Every structure is written in structure tokens, then in C-alpha cells.
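Residue strings, one per chain:
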Amino acid sequence: MNLNDDDEHLIETLFRNGTITVVGVVLSFSLGFLTQWASNPIPWRLADLPTLVVIIMGIVFQLRSLALLLQTSSLKKVVYDKASRLWRDHHWVWRFSGDPH
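Calculation rules
- Residues numbered from 1 in each chain as written.
- Predicted model: local features only at pLDDT ≥ 70, side-chain atom pairs only at ≥ 80, totals over all residues.
- Heavy atoms only, no water.
- Phe/Tyr/Trp six-rings, centres within 6.5 Å; stacked < 30°, edge-to-face > 60°.
- Helix = DSSP H or I, 4+ residues; strand = E, 2+ residues; numbered from the N terminus.
- Salt bridge = Lys/Arg side-chain N within 4 Å of Asp/Glu carboxyl O.
- Expected span 1.5 Å × (residues − 1).
- Buried < 20%, exposed > 50% of the residue type's maximum accessible area, 1.4 Å probe, protein only.
- Patch = residues over 30% accessible without salt bridge, like charges linked within 9 Å, V, L, I, M, F, W, Y side chains within 5 Å.
- Areas by Shrake-Rupley, 256 points an atom, 1.4 Å probe, with all protein chains shown as cover.
- Lys, Arg positive; Asp, Glu negative; His and termini not counted.
- Charge placed at Lys NZ, Arg CZ, Asp CG, Glu CD.
- Axes fitted to C-alpha atoms, helices over the stretch in contact; angles between N-to-C directions.
- Parallel < 35°, antiparallel > 145°, perpendicular 65-115°, else oblique.
- Left-handed = near helix turned anticlockwise from the far one by under 90°.
- Contact = heavy atoms within 4.5 Å.
- Nonpolar A, V, L, I, M, F, W, Y, C, P; charged D, E, K, R; others polar.

**A short note on the packing of aromatic side chains**
Enumeration according to the criterion identifies 3 aromatic pairs in this entry. Between the aromatic rings of Phe15 and Tyr80, the centroid separation amounts to 5.6 Å while the plane-to-plane angle is 50 degrees, which identifies the pairing as tilted. Placement of the pair is Phe15 in helix α1 (residues 13-38) and Tyr80 in helix α3 (residues 77-97), with a sequence separation of 65 residues.

Spelled out as C-alpha cells, the structure:
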């Protein structure tokens, strides 16, 4: 798995860096949202648990996607596409959490 293999398609570094920025910004928003929710003085109820689980699942997808994108091997189109799929799957999880972002 050499980055210089002619058989593999590479993506532009600038394109990958923009994607890393977007993933990082949305991840920080998600973590900030969770922190604000956790520090809310209103006590949590059992009914909040499913939403919390779904939000945490979305954050795990975001973290995994960011971890893949930060590797130098993510310049390979195959690895970049895998990270993009994880990112897309995280949006699927958010749809079920009821979170507007």
C-alpha cells in the first residue's frame, strides 16, 4: 500500500483537508451539544436515554471518520470513500435522534 502506486487513484490533498475541516467542525458541534445537554440543570429522565444513545452513536461515527481521514492513507480514493461512507452513515443516525443538524 504505497501512496505512489500507479494502480491506485489518489485524491487532492486540498480536497481531503477541506473534508477534515468539515468533519472536525461538525464533531465539535456534536460534542458541544452533548456537553450543554449534560450540564443542563433539569434532571434527565429515562425517556432521554434512547436519544442519548443515538447521539453517542453519531459521535462515534464522526470520530471514526475523522480518524480515517487523518491517516496519510486517506489520500487513496478507496480509503477516502470509506471515511465518506462513515460520514454519510452518521447523518442517517442523526435523522433518528431528532437532532436538527
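Text resumes after the structure shown.
**Focus on the pattern of salt bridges**
Any two side chains of opposite charge can pair, on the condition that their charged atoms come close. Tallied over the entire structure, the rule returns 2 salt bridges. In this structure, Asp48 and Arg45 form a salt bridge, with 3.8 Å as the shortest nitrogen-oxygen distance. For the salt bridge of Asp81 with Lys77, the shortest nitrogen-to-oxygen distance reads 3.2 Å. Of this pair, Asp81 and Lys77 both sit in helix α3, 4 residues apart, roughly one helical turn.

**Looking at helix α2 (residues 49-70)**
Along its 22 residues, α2 runs 31 Å from first to last C-alpha, staying within 8% of the 32 Å computed at 1.5 Å per residue. Of all the residues in α2, the buried ones are Leu52, Val54, Ile55, Gly58, Ile59, Gln62, Ser65, Leu66, Leu68 and Leu69.

**Here's the deal with a positive patch on the surface**
Judged by side-chain charge, Arg64, Lys82, Arg85 and Arg88 come together as a positively charged surface patch. Among the elements that make up the positive patch, the one with the highest residue count is α3 (3 residues).

**Considering the packing of α1 against α2**
At a minimum axis separation of 10 Å, α1 and α2 run at an interaxial angle of 155 degrees. By the angle between their axes, α1 is roughly antiparallel relative to α2. For the crossing formed where α1 meets α2, the hand is left-handed. Residues Arg16, Thr19, Ile20, Val23, Gly24, Val26, Leu27, Ser30, Leu31, Phe33, Leu34 and Trp37 of α1 form the contact with α2, whose own contacting residues are Thr51, Leu52, Ile55, Ile56, Ile59, Gln62, Leu63, Ser65, Leu66, Leu69 and Leu70. Classifying every residue of the contact of α1 with α2 by side-chain character gives 16 nonpolar, 6 polar and 1 charged.

**Regarding the side chain of Thr19**
Among the secondary structure elements, Thr19 is positioned in helix α1. The buried category is assigned to Thr19, whose relative accessible area is 18%. Ignoring any residue separated from it by four or fewer positions in sequence, one finds Thr19 in contact with Leu69 and Tyr80.

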